[in-house]
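# Fold and geometry: a report
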Amino acid sequence: MTAQPESAAQLKARLREGGFPDMPEIIAVPAAPKRPSPPATLALDEVLDPPDAQVLCESPRIAQIDGLLSVDECRLLVATAAPLLRASRVHAPDGSDVGERELRTSRDVSFDPLLEDFSLRLAQLRMAAAAGMELVDAEQLIVLHYAEGQEYRPHRDYLPPESIQRDHPAAGNRKRTICAYLNTPLEGGATVFPARDVRVEPKAGRAVVFDSLDADGRPDADSLHAGLPVERGEKWLATLWLRERPYRAY
Ligand SMILES: O=C(O)CCC(=O)C(=O)O
Ligand SMILES: [Fe+2]
């Protein structure tokens, strides 16, 4: 589709009048479809088929997938999440909420199933497929927003036993994570894995997927990772934390 800057400017002006703040500009180059289908049709096998991954590290496995989400899916996620953001909470090892801490300076929203619609479900199904897992293994989708200067300091996604006990123990630990960038920050905001010298630049529609447990299902300390501070602009990210076994009932 060709860009229509005048219509876009009119639409933005009307949204502003209605009290909706501007969304970040989201520009992405979608991956070429493997089997192009006629416009305005929905071929589910195609919509759910993720583009190929580029493996950046074998152990722990870290891979990058370009063009996983379309520009429209990125926009939908940002627009749905924006009014619901709250300061990210951090949990102590016993599971108690210790409030806003230095570890995560971002704001986030956890998507209740009530907030999901068909398009969001398709995007999540494709994210789970790209991670080689079933969506039923995933915790609620999280959308994170980092303003300039905000970051996610080095951490690991696997949970301490107390947290697993508290929240769906039968699902086991967080085995794998997939994060999809929903916009392209002007500067900064890369996801880095200091134990492996791996760095993924945030680009709208791109995803990074990585393992938190080793081949024997034990927490892998080398899965340490961080979201570097956003130096200019803002960063939007959608994360699915995937457990070893089914977590969701929906
Ligand atoms: O913001 C990032 O790049 C990392 C996010 C992250 O580590 C997570 O969502 O678990
Ligand atoms: Fe993480």
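These numbers were taken from a predicted model, which means no experiment stands behind them.

## Points about the overall build of the protein chain
From N to C terminus, the protein chain includes five helices and 14 strands. A compact globule built from 250 residues would reach a C-alpha radius of gyration of about 18 Å, and the protein chain, at 18 Å, matches this within 12%. Dimensions of the protein chain, computed from the C-alpha atoms along their principal axes, are close to 55 × 40 × 35 Å. For the protein chain, with 250 residues in total, the buried portion stands at 34%. A sequence separation of at least 24 residues applies to 76% of the contacts in the protein chain between residues at least 6 apart.

## Here we look at the sheet that holds strand 10 (residues 198-200)
Sheet architecture is open: four strands sit in the order 6-12-9-10, paired in antiparallel fashion. The open sheet has two edge strands with one neighbour each: strand 6 (152-155) and strand 10. On average, each strand axis in the sheet is inclined to that of its neighbour by 10 degrees, with strand direction left out of account. When strand 9 (residues 191-193) meets strand 10, the two strands line up antiparallel, connected through three bridges. Among the inter-strand pairings, Phe-193 is bridged to a residue of strand 10, identified as Val-198.

## So, the confidence of the model for the protein chain
As a general rule, the predicted coordinates of low-pLDDT regions are not to be interpreted in detail. In this model, the protein chain carries a mean pLDDT of 89, and residues with pLDDT of at least 70 account for 92%. Scoring the predicted complex yields pTM 0.86 and, for the interface, ipTM 0.99.

## Looking at the sheet that holds strand 1 (residues 54-57)
Strands sit in the order 1-2-11-7-14-5-4-3 across an open sheet of eight strands; the sheet is antiparallel. The open sheet is flanked by strand 1 and strand 3 (86-87), the only strands paired with a single partner. Looking at chain direction, strand 5 (residues 142-146) and strand 14 (residues 235-243) are connected through five bridges and run antiparallel. Following the sheet pairing, Val-143 is matched in strand 14 by Ala-238.

## Here's the deal with the site of ligand 1
In the region of ligand 1, the neighbouring residues are Tyr-152, Asp-157, Thr-177, Cys-179, Thr-191, His-225, Gly-227, Leu-237 and Thr-239. For the shell around ligand 1, the residue count by class is three nonpolar, five polar and one charged.

## So, the pairing of strand 5
Extensive coverage of strand 5 is indicated by the burial of four of its five residues. Where strand 4 (residues 107-110) and strand 5 come together, four bridges link them in antiparallel fashion. Across the sheet, the residue bridging to Val-109 is Val-143, located in strand 5.

## Some points on the nonpolar core
Ranked by internal contacts, the top residues of the largest apolar core, which has 43 residues, are Met-127, Ile-178, Ala-180, Leu-182, Ala-207 and Val-209. For this core, the secondary structure elements donating two or more residues are strand 2 (62-65), helix 3 (71-81), helix 4 (118-130), strand 5, strand 7 (174-181), strand 11 (207-211) and strand 14. Sequence-distant contacts of Ile-178, that is, excluding residues within four places in its chain, are made with Met-127, Ala-130, Ala-131, Ala-207, Val-209 and Leu-240.

## Examining helix 3
Among the residues of helix 3, Glu-73, Cys-74, Leu-77, Val-78 and Ala-81 are the ones counted as buried. When helix 3 is viewed along its axis, its buried side chains cluster within an angular range of 130 degrees and face the same direction. The elements touched by buried residues of helix 3 are strand 4, helix 4, strand 5 and strand 14.

## With respect to the packing of helix 3 against helix 4
Viewed as axis vectors pointing N to C, helix 3 and helix 4 meet at an angle of 115 degrees, and their least axial separation amounts to 10 Å. Considering the relative orientation of helix 3 and helix 4, their crossing is left-handed. Mapping the contact onto sequence places Glu-73, Leu-76, Leu-77 and Thr-80 in helix 3 and Ser-119, Leu-120 and Ala-123 in helix 4. Counted by class, the contact of helix 3 with helix 4 contains four nonpolar, two polar and one charged residues.

## Section: the environment of Asp-222
Mapping Asp-222 onto the fold places it in the loop between strand 11 and strand 12 (225-227). With 100 residues separating them along the chain, Asp-222 and Leu-122 place their C-alpha atoms 31 Å apart. Residues in contact with Asp-222, not counting those within four places in the same chain, are Pro-60, Ala-195 and Arg-196.

## A closer look at the pairing of strand 11
Among the five residues that make up strand 11, five are buried, leaving the element largely enclosed by the rest of the structure. Every second residue of strand 11 is oriented toward a common face, with Ala-207, Val-209 and Asp-211 on one face and Val-208 and Phe-210 on the other, all of them buried. Sheet topology note: the strand 2/strand 11 ladder contains four bridges and is antiparallel. Paired with Ala-63 across the two strands is Val-209, which belongs to strand 11.

Calculation notes
- Residues numbered from 1 in each chain as written.
- Chains lettered and ligands numbered in written order.
- Predicted model: local features only at pLDDT ≥ 70, side-chain atom pairs only at ≥ 80, totals over all residues.
- Helix = DSSP H or I, 4+ residues; strand = E, 2+ residues; numbered from the N terminus.
- Rg over C-alpha atoms; globule rule 2.2 N^0.38 Å.
- Buried ≥ 20, exposed ≤ 12 C-beta atoms within 10 Å, placed from the backbone.
- Contact = placed C-beta atoms within 7 Å.
- Pairing = 2+ DSSP bridges.
- Axes fitted to C-alpha atoms, helices over the stretch in contact; angles between N-to-C directions.
- pLDDT = per-residue confidence, 0-100.
- Near = placed C-beta within 6 Å.
- Nonpolar A, V, L, I, M, F, W, Y, C, P; charged D, E, K, R; others polar.
- Core = buried A, V, L, I, M, F, W, Y, C linked by C-beta atoms within 7 Å.
- Arc of directions from axis to C-beta.
- Left-handed = near helix turned anticlockwise from the far one by under 90°.

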